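# Structure assessment
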Amino acid sequence: MLKTDELAGGLMNFKHSIDFICRADKKLLARNVKLKEHGKEDFCFVLGNGPSLKKIDLKSIEAYPCVTVNFFHKGAQEFDSSYHLFIDAVFGGQYFDYVKEFKKAHPETKLILRDNMAAKMKQAGLEDNNNYYVCADYVQKGNLIRCDMTKEMTGSLNVIPVAIECALYMGYKKIYLLGCDFNSYAVVKDEHFYDGQEGGRAFASEHVVGDLIRCALVHKQHFALEDYSRKNGVKIMNLTEGSLVSAYERGHLEDILVNR
């Protein structure tokens, strides 16, 4: 089974490589080198949307480089993150509406989208110098990690690994994870920190196996990211209380901030 999966992943990556050579806008991706020009801090926070984030005083970290993802600002509308990564489905409806609202509310935040969103952003009059695009389609297999944002990156079934890859590319030497609960496969309801009192969606029993497989693949990718970061002199710490991501060293936000 594993050999079959490796073979399938290799074939998919071959196809993605051909597609990248033939279709990707290399000039668009080349702009990403500007993201290496971050400030004096050598660390950043990567924030997921897990319910544990409700316990965090976001004002305590807002002054530092922060990477937020997807619908984060539903729960923290005033939070001005340094980077916001939205690589899930944003082709229409509520997703694109959210992107439009985000651009108006946070014009200085560097927004990172999939490269196939560039034309739509331009058409909608939302294109500016704070928009950046990535091609994150490469299938992660073994310990393969590609985090060069000017080329084809390793994709994921979850946005957090791609956010970590972006932080690695930008040159941060310490990456701290918050709100990365990664426990949807272990709870009755899939919740986010911005959900109301009724909580998130309940899992249907027929979807459990598929969810477990996807979570297993993402968890494996976190171990690949830990291996890659360690070999490249980068430290990733998981500061998320109760997180089921076990790939990284654990830590506490208070201990990180006390020395800042």
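These numbers were taken from a predicted model, which means no experiment stands behind them.

### A short note on the overall build of the protein
Assigned secondary structure in the protein consists of 7 helices and 11 strands. Intrachain contacts of the protein at a sequence separation of at least 6 include 59% that bridge at least 24 residues. In the form shown here, the protein has an accessible surface area of approximately 13,500 Å², with 54% of it arising from carbon and sulfur atoms.

### A word on the nonpolar core
Ranked by internal contacts, the top residues of the largest apolar core, which has 40 residues, are Leu 85, Ile 164 and Ile 175. Secondary-structure elements contributing two or more residues to this core are β1 (43–47), β2 (66–69), β3 (83–86), β5 (131–138), α5 (159–170), β7 (174–178) and α6 (208–231). With 10 residues, α5 is the single largest residue contributor to this core. Dropping the residues within four chain positions of it, Ile 164 is found in contact with Ile 175, Leu 177, His 222, Leu 225, Ile 236 and Tyr 248. Judged by nonpolar contacts, the second largest core, of 33 residues, contains Phe 71, Phe 102, Tyr 176 and Tyr 194.

### Quick word on the packing of aromatic side chains
As enumerated under the stated definition, the model contains 12 aromatic pairs in all. Their ring planes at 40° and their centres at 5.2 Å tell us that Phe 72 and Phe 193 sit as a pair that is tilted. In this pair, Phe 72 sits in the loop between β2 and β3 while Phe 193 sits in the loop between β8 (189–190) and β9 (201–202), placing the two residues 121 residues apart along the sequence. Of the residues examined, Phe 193 reaches a relative accessible area of 9% and is grouped as buried. One aromatic cluster in this structure is built from Phe 43, Phe 45, Tyr 64 and Tyr 176. When the ring centre of Tyr 169 is taken as origin, the NZ or CZ atom of Lys 36, which lies over that ring, is 4.2 Å away.

### As for the sheet that holds strand β6 (residues 152–154)
The 9 strands are arranged β6-β5-β4-β3-β2-β1-β7-β10-β11 in an open sheet whose pairing can be described as parallel. Both edges of this open sheet fall to β6 and β11 (249–250), since each of them pairs with a single strand only. With 4 bridges joining them, β3 and strand β4 (residues 110–114) adopt parallel strand pairing. Each residue of the ladder has a partner; that of Phe 86, found in β4, is Leu 113.

### Describing the confidence of the model for the protein
Mean pLDDT over the protein stands at 85; residues scoring 70 or higher make up 79%. Across the protein, the secondary-structure element scoring lowest on mean pLDDT is β9, at 53, and the one scoring highest is strand β10 (residues 235–238), at 98.

### Concerning the pairing of β7
Among the 5 residues of β7, 4 are classified as buried, and the element is accordingly described as predominantly covered. By the bridge criterion, 5 bridges tie β1 to β7 in an arrangement that is parallel. Counted as the bridge partner of Phe 45 is Tyr 176 from β7. In this structure, β7 lies alongside β10, joined through 4 bridges in parallel fashion. Of the residues in β10, the one forming a bridge with Lys 174 is Lys 235.

### Some points on α5
Between its first and last C-alpha atoms α5 spans 17 Å; for 12 residues at 1.5 Å apiece the expected length is 16 Å, and the two agree. All buried positions along α5 are accounted for by Val 159, Ile 160, Pro 161, Val 162, Ala 163, Ile 164, Glu 165, Cys 166, Ala 167, Leu 168, Tyr 169 and Met 170. You can read the cap of α5 off the contacts: a side-chain oxygen lies 2.9 Å from the backbone nitrogen of Ile 160, and it is on Asn 158. Downstream of α5 by a residue or two, Gly 171 has a phi angle that is positive, lying close to 100°.

### Structural notes on a nonpolar patch on the surface
A cluster of nonpolar side chains, contributed by Leu 157, Ile 213 and Leu 217, occupies part of the molecular surface with about 300 Å² of accessible area. Looking at where Leu 157 falls in the secondary structure, it is placed in the loop between β6 and α5. The class for Leu 157 is exposed, based on a relative accessible area of 55%.

About the cut-offs
Residues numbered from 1 in each chain as written. Predicted model: local features only at pLDDT ≥ 70, side-chain atom pairs only at ≥ 80, totals over all residues. Heavy atoms only, no water. Helix = DSSP H or I, 4+ residues; strand = E, 2+ residues; numbered from the N terminus. Contact = heavy atoms within 4.5 Å. Areas by Shrake-Rupley, 256 points an atom, 1.4 Å probe, with all protein chains shown as cover. Core = buried A, V, L, I, M, F, W, Y, C linked by side-chain atoms within 4.5 Å. Buried < 20%, exposed > 50% of the residue type's maximum accessible area, 1.4 Å probe, protein only. Phe/Tyr/Trp six-rings, centres within 6.5 Å; stacked < 30°, edge-to-face > 60°. Lys NZ or Arg CZ within 6 Å of the ring centre and 35° of its normal. Pairing = 2+ DSSP bridges. pLDDT = per-residue confidence, 0-100. Expected span 1.5 Å × (residues − 1). Polar contact = N/O pair within 3.5 Å; in protein donor to acceptor, adjacent residues only side chain to side chain. Patch = residues over 30% accessible without salt bridge, like charges linked within 9 Å, V, L, I, M, F, W, Y side chains within 5 Å. Salt bridge = Lys/Arg side-chain N within 4 Å of Asp/Glu carboxyl O.

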